[in-house]
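Examination of the molecular architecture
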Amino acid sequence: MVQAVRRIVIVGGGTAGWLAAGVIAAKHRSRIPASFSVTLVESPNTPIIGVGEGTWPTLRTTLSRIGVSETEMFRKCDAAFKQGAWFARWTTGAKDDGYYHPLMLPQSFSHINLVPHWLARDDGRSFCDTVCPQGRICDDGLAPKTIATAEFEAVANYAYHLDAGKFAPFLQQHCCEKLGVRHVLADVRRVHLKENGDIRSLETEQAGEIEGDLFVDCTGFKALLIGETLGVPFVDCSDVLFCDTALAVQVPYETETSPIASHTISTAQSAGWIWDIGLPTRRGVGHVFSSRHISVDDAERELRTYIGPAGKDLPFRKIPIRSGHRQIFWKRNCVAIGLSAGFLEPLEASAIVLIEMSAKLVAEQMPVCREVMDVIAARFNNTTEYRWGRIIDFLKLHYALTQRDDSAFWRDNRLPETIPERLQHLMLLWRYQSPWYHDEFDRIEEVFPAASYQYVLYGMGFRTEVEPQIVAGSANNAERAMRENIAQTEKLRAGLPRHRDLIRKIVQHGLQPV
Amino acid sequence: MATHELLNPQDHAHLRLLPRQGAEPHFVQIVPGEFVSAAVACPVLFSKDPATGAFYAGAALGLKPGEGALKSTQDRGGFEPLALQRDGFFIAEDRIAIDRSNPRFSETEGEPLFDSAQQPSTALRRIQRALRHLHEGIAQTAALVRELMDLKLIEPIDISLSFDNGERLTLEGLYTVSRDALRDLPDADVLRLFRTGHLQLAYAMTGSLNQLPVLAHLRNRRLADSR
């Protein structure tokens, strides 16, 4: 007699917990409640951390699968559009140094690699502007769609900036009212194990004992189940990514009609960088830095200088961060999703996308019975470890490419012993061949597509050798794609509304579902 | 420049009404009461108000902006959209306003708006009726859209037409009722849709798509004639 997996118990009610609940419950909707249950146990006392306010376009698919309304999300989560990131002063540190990492793919990306053609032209135009319209759209402060575009559909690819503190309750309401998720407000007092080492149940303060077949640890940095109970060690990666402290602050807009940036602004400092995320109601700004390279006082001074007079009396919140992840993510009948699995600096908004991907993997590969769970767990661990590795590589790439010499932080970041071997190999390869489509990346559902590597590499002045014959062979196609880009850029700049105006319209009129 | 005035027998005793002037628009808003007569002559589709994103219904009289209608009113079986009938007249609160700059108004030619007793003339009463039907029809459209949306029956339709001169027209931002989704409706929903009268409207819309190739054919012929 096999031991069926029917009772999923999620511990923790932050972004990770509710996203996991939504993704799993939506996927197994037809089995609930007859032969499947999703229970989320949340402490009534623990505050939600609310990781990063930046997301990836994957969230559109995730939310539409869960079945929430995009309009409602704009109304309830203070959401705004995100079309990429602007990295200022990362390459040389000069005042006018900056580049976009947009979310749209380069023109005709699946047909032609425009990198060698752009390099061969060497005409002074940025890579981003040569291959995609989104940098210009962001410069103009435009939204990525219009009020007549259906929910979750894009004219220009987009993700969201949102208030994570409002996002979790928004998901909670949907999960409980529409997806049949059981919500239990209770503090976990003890975790009971079976003789074989599996988790049998949670003993709670207010709701008695809660049994489960599969437990999802979304308890944040505490890692109650995966860490404290099952003892899975934490793999530190501060030798690669140096930032270990963040100072966060909420900055009000000057007026209610001040423009909202539709991209994340990331400005490099002397020993870290400052994020600047525009919501309709406020800006979320923070300084992520390496305390080994700068004192907290100096870091605070740099942040105050960045914000200017608007930040005069605003209180800063200090958040210690520990870069790294669990050695494995699924052990026995427990899988960690969210901060319990690990954390990395929010340079490319990887936190929420990783939650989505992990939850999707659990939902889709949901083990039918305990007997096959270890097989699924091994698969999950393999994929998830690969993803963390690729995120670490991609974040490190931003540092490894810098030419800044003005502080030990930037110099240390280029030391070969701080650069993962795989990334070193890729950087060697890219000196002769540019990354494209599926060249380097063999897995489906890569966290960052090859296009992202192109935008960062060539945004930061990286040079790939170009063989003239190769360029000549596809010159006509490249020419056409670049012309197409100019035409599309003009069309979009003329037709898209201002970012704040569209958000106001969405809140007022709503987007249609089709 | 539009100059709006509230219509009244004192100021407008001598005003006269000519037939609508100028080319017909290629796409004109219609209301559910017009669906059946419109659908036999031209495609009836949904589009979105660019200011609010809200759906409205319309009849495609032509295929390209600026080119006007492809069929005459007579070829349309006499179908004349209310929105065109009332051209120059508007509802302002509970009164009628007119746009004096509209060329159909004249002091010398056409039918008078008021009779000698300062009562609305036959011509004006016809306009009043059109305005009333339009006004009521907007609310009926909203109810229709609401029910069709609730049943997930509205779907975008991409219309791409090639013409003999090599031109390719893509009509964007149009929506219709999904035939498949209609067919898959549970019985209870079908019955409700029938009782509200929306089922007939839905089928009028799907059937009217047959008019697309007819319009394309007419346009092809027109292109050939003008060569």
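Residues numbered from 1 in each chain as written. Chains lettered and ligands numbered in written order. Predicted model: local features only at pLDDT ≥ 70, side-chain atom pairs only at ≥ 80, totals over all residues.

So, on to the overall build of chain A. Across its full length, chain A carries 17 helices and 21 strands. A principal-axis box enclosing the C-alpha atoms of chain A has dimensions of 70 × 55 × 50 Å. Here chain A holds 514 residues, and 47% of them are scored as buried. Of the contacts made within chain A by residues no fewer than 6 positions apart, 77% connect residues no fewer than 24 positions apart. (Helix = DSSP H or I, 4+ residues; strand = E, 2+ residues; numbered from the N terminus. Buried ≥ 20, exposed ≤ 12 C-beta atoms within 10 Å, placed from the backbone. Contact = placed C-beta atoms within 7 Å.)

If you look at the interface, chain B gives 12 residues, while chain A gives 7 residues. A total of 3 residues in the side of chain B that touches chain A trace back to one element, the largest contributor, which is strand β10 (residues 154–156) of chain B. Of the residues assigned to the side of chain B that touches chain A, the class counts are 7 nonpolar, 3 polar and 2 charged. (Nonpolar A, V, L, I, M, F, W, Y, C, P; charged D, E, K, R; others polar.)

Right, let's get into the confidence of the model for chain B. Per-residue confidence for chain B gives a mean pLDDT of 95; residues scoring 70 or more make up 100%. Note on the complex model: pTM 0.93, ipTM 0.86. (pLDDT = per-residue confidence, 0-100.)

Turning our eyes to something else, we now look at the environment of threonine 91 of chain A. All names here are of chain A. Within the secondary structure, threonine 91 sits in the loop between β4 (84–88) and β5 (98–102). On the neighbour-count criterion, threonine 91 (20 C-beta atoms within 10 Å) is buried. Along the primary structure threonine 91 and leucine 230 are separated by 139 residues, whereas in three dimensions their C-alpha atoms are 43 Å apart. The residues contacting threonine 91, other than those within four sequence positions of it, are Asp97, Thr402, Gln403, Met460 and Gly461.

Another point: helix α9 (residues 296–307) of chain A. In an α-helix there are 3.6 residues to a turn, and that puts residues three or four apart on one side. Taking 1.5 Å per residue, 12 residues should reach 16 Å; α9 of chain A reaches 16 Å between its end C-alpha atoms and fits that length. Phi turns positive one or two residues past the end of α9 of chain A, at glycine 308 of chain A, with a value near 80°. (Expected span 1.5 Å × (residues − 1).)

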